[in-house]
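In case you want the letters, here they are:
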Amino acid sequence: MSTRSFRGRAVCVIAALTACAALTTTQAQAQAAPARHGITPATKFYVDPHSKAAKQALVDFRNGDIDNAANMARLASWPQAQWFTEGTPDEVRVKADQLVRRARTVGRTPVLVAYNIPGRDCTQYSSGGAADSAAYRQWIDAFAAGIGDRSAVVVVEPDGAALLPKDCGPTTDPTGERTAARLADLAYAVKTLKARPHTAVYLDSGNVQWRSVGDMAQRLLDAGVEYGDGFALNVSNTHPTDHNARYGTWIAKCLWFATDGPEQARGHTDWCASQYYSSAAPNDGTPGNSVSSADPATWRWTDAWFDQNVGTPPADRLRHFVIDTSRNGLGAWTPEPGKYSGDPEIWCNAPGRGLGPRPTADTGVPLVDAYLWIKIPGESDGSCTRNTGGAIDPEYGIVDPPAGAWWPDQAHTLARNAAPRLTFNR
């Protein structure tokens, strides 16, 4: 590389980082005030000038790695969520207050993730959470108090409803008491956070390749989705945006069908077609005549069921949702056939992925309030072993960093493989 070329690209990196910092140190242009009951297309999300990507850009620049430095500067210019995973009530109140205060100073709306539910993640890679329901509710009260009357978007408890205690194993919740407590805690969190005047609240609901439509709809109802603005999809996952948008639309219609729809359907989320089955399909064994979650072309049968049984509900009665696009630019990872005899954990630090659609509240999709980078690009999912019995992740040949730890190589890969191509946020 010539000296002139190196200097020119270095100047671009410095300029990009300076512009990124300026986004949060100068007053933003006027924008429409966020609606009390949710995000509007005019909502602009907060960019943290001290994000891990911004710090990595400086490290790469000092190491003379100008290509990666430039990509990290571009990544740092886009809004990302901030996760709240621990701490005392006083600590979370102060931390939330500081974030929303900084965001309001520049006329932006921050995205926060509440992730402290008791028994989270079934004691797996992201285990932890509050000691019990009483501690959790005190924590949520303080979290909401920290937000106050300022604008915020909160995603409530990733995997909290999709991975209930009853799902953790046959001995985890034999009486159902812990599952009931979890659902009550989620409802408390949604209701408490939504009581703040300018907070949009989305209850996590897994992703398109997990729970069936009816199952997820019922879990959302049990967990208090009616108290908030809607639900969140694809958090920390890589499934395509359009697949999740279709799944979310089915869930929204299923929620209406089982609550406000035909009298005979009340309480029957289990009647809803899904990404796995539709009674509208012939189901005669002929290829394409039954629904397959792995073949979106067959989802026309699911659409057909909703057309026949749900029709077109009033638009203002359907729940909206947000989609995490932080790692789904290239879609889901598929390991080589036969490489793994057990679960390959396709969600866990999936190799070779890329950033997806940029964060925006102007999605153009009626029920999708926003594309967000909820999972922080470059943070590890945990020490994935693909069920091989060892400590090494065979896809990387190393022990992956712990869940939530910054992983520069992964951040570089996500930025390099971004689809669409990563540009600076202007």
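One structure accompanies this document, and this report is about it.

Rules behind the numbers
Residues numbered from 1 in each chain as written. Predicted model: local features only at pLDDT ≥ 70, side-chain atom pairs only at ≥ 80, totals over all residues. Heavy atoms only, no water. Helix = DSSP H or I, 4+ residues; strand = E, 2+ residues; numbered from the N terminus. Rg over C-alpha atoms; globule rule 2.2 N^0.38 Å. Contact = heavy atoms within 4.5 Å. Areas by Shrake-Rupley, 256 points an atom, 1.4 Å probe, with all protein chains shown as cover. Lys, Arg positive; Asp, Glu negative; His and termini not counted. Charge placed at Lys NZ, Arg CZ, Asp CG, Glu CD. Axes fitted to C-alpha atoms, helices over the stretch in contact; angles between N-to-C directions. Left-handed = near helix turned anticlockwise from the far one by under 90°. Disulfide = S-S within 2.5 Å. Buried < 20%, exposed > 50% of the residue type's maximum accessible area, 1.4 Å probe, protein only.

### What about the overall build of the protein?
Piece 1. For the protein, the helix and strand inventory stands at 10 helices and seven strands.
Piece 2. Relative to the globule expectation of 22 Å for 426 residues, the C-alpha radius of gyration of the protein, 22 Å, shows essentially globular dimensions.
Piece 3. Overall, the protein is about 70 × 55 × 40 Å in size when its C-alpha atoms are taken along their principal axes.
Piece 4. Looking at the protein alone, contacts between residues at least 24 apart form 75% of all its contacts between residues at least 6 apart.
Piece 5. Total accessible area on the protein is roughly 18200 Å²; 52% of this is exposed by carbon and sulfur atoms.
Piece 6. Between the centroid of the 41 positive side chains of the protein and the centroid of its 44 negative side chains there is a distance of 9 Å.

### Some words on the packing of helix α7 (residues 213-222) against helix α8 (residues 241-259)
Piece 1. Contact pair α7 / α8: the axes reach a minimum separation of 9 Å and the direction vectors enclose 60 degrees. When the axes of α7 and α8 are compared, the crossing they make is right-handed. The segment α7 lies against α8, with Val213, Gly214, Met216, Ala217, Leu220 and Leu221 engaging Tyr247, Trp250, Ile251, Cys254, Leu255 and Thr259.

### Notes on the state of the cysteines
Piece 1. The final tally for this structure, using the stated rule, is three disulfides.
Piece 2. One disulfide bridge connects cysteine 254 with cysteine 272, the sulfur atoms lying 2.2 Å from each other. Between cysteine 254 and cysteine 272, the disulfide has an S-S torsion of 95 degrees and is therefore right-handed. Of this pair, cysteine 254 sits in helix α8 while cysteine 272 sits in the loop between α8 and α9 (300-309), and the two are 18 residues apart along the sequence. Exposure class is identical for cysteine 254 and cysteine 272. Each is buried.
Piece 3. The disulfide bridge from cysteine 348 ends at cysteine 384, spanning 1.9 Å between sulfur atoms. Between cysteine 348 and cysteine 384 the sulfur-sulfur dihedral comes to about -70 degrees; the bridge is accordingly left-handed. In this pair, cysteine 348 sits in the loop between β6 (320-324) and β7 (368-372) while cysteine 384 sits in the loop between β7 and α10 (408-416), placing the two residues 36 residues apart along the sequence. Exposure class is identical for cysteine 348 and cysteine 384. Each is buried.

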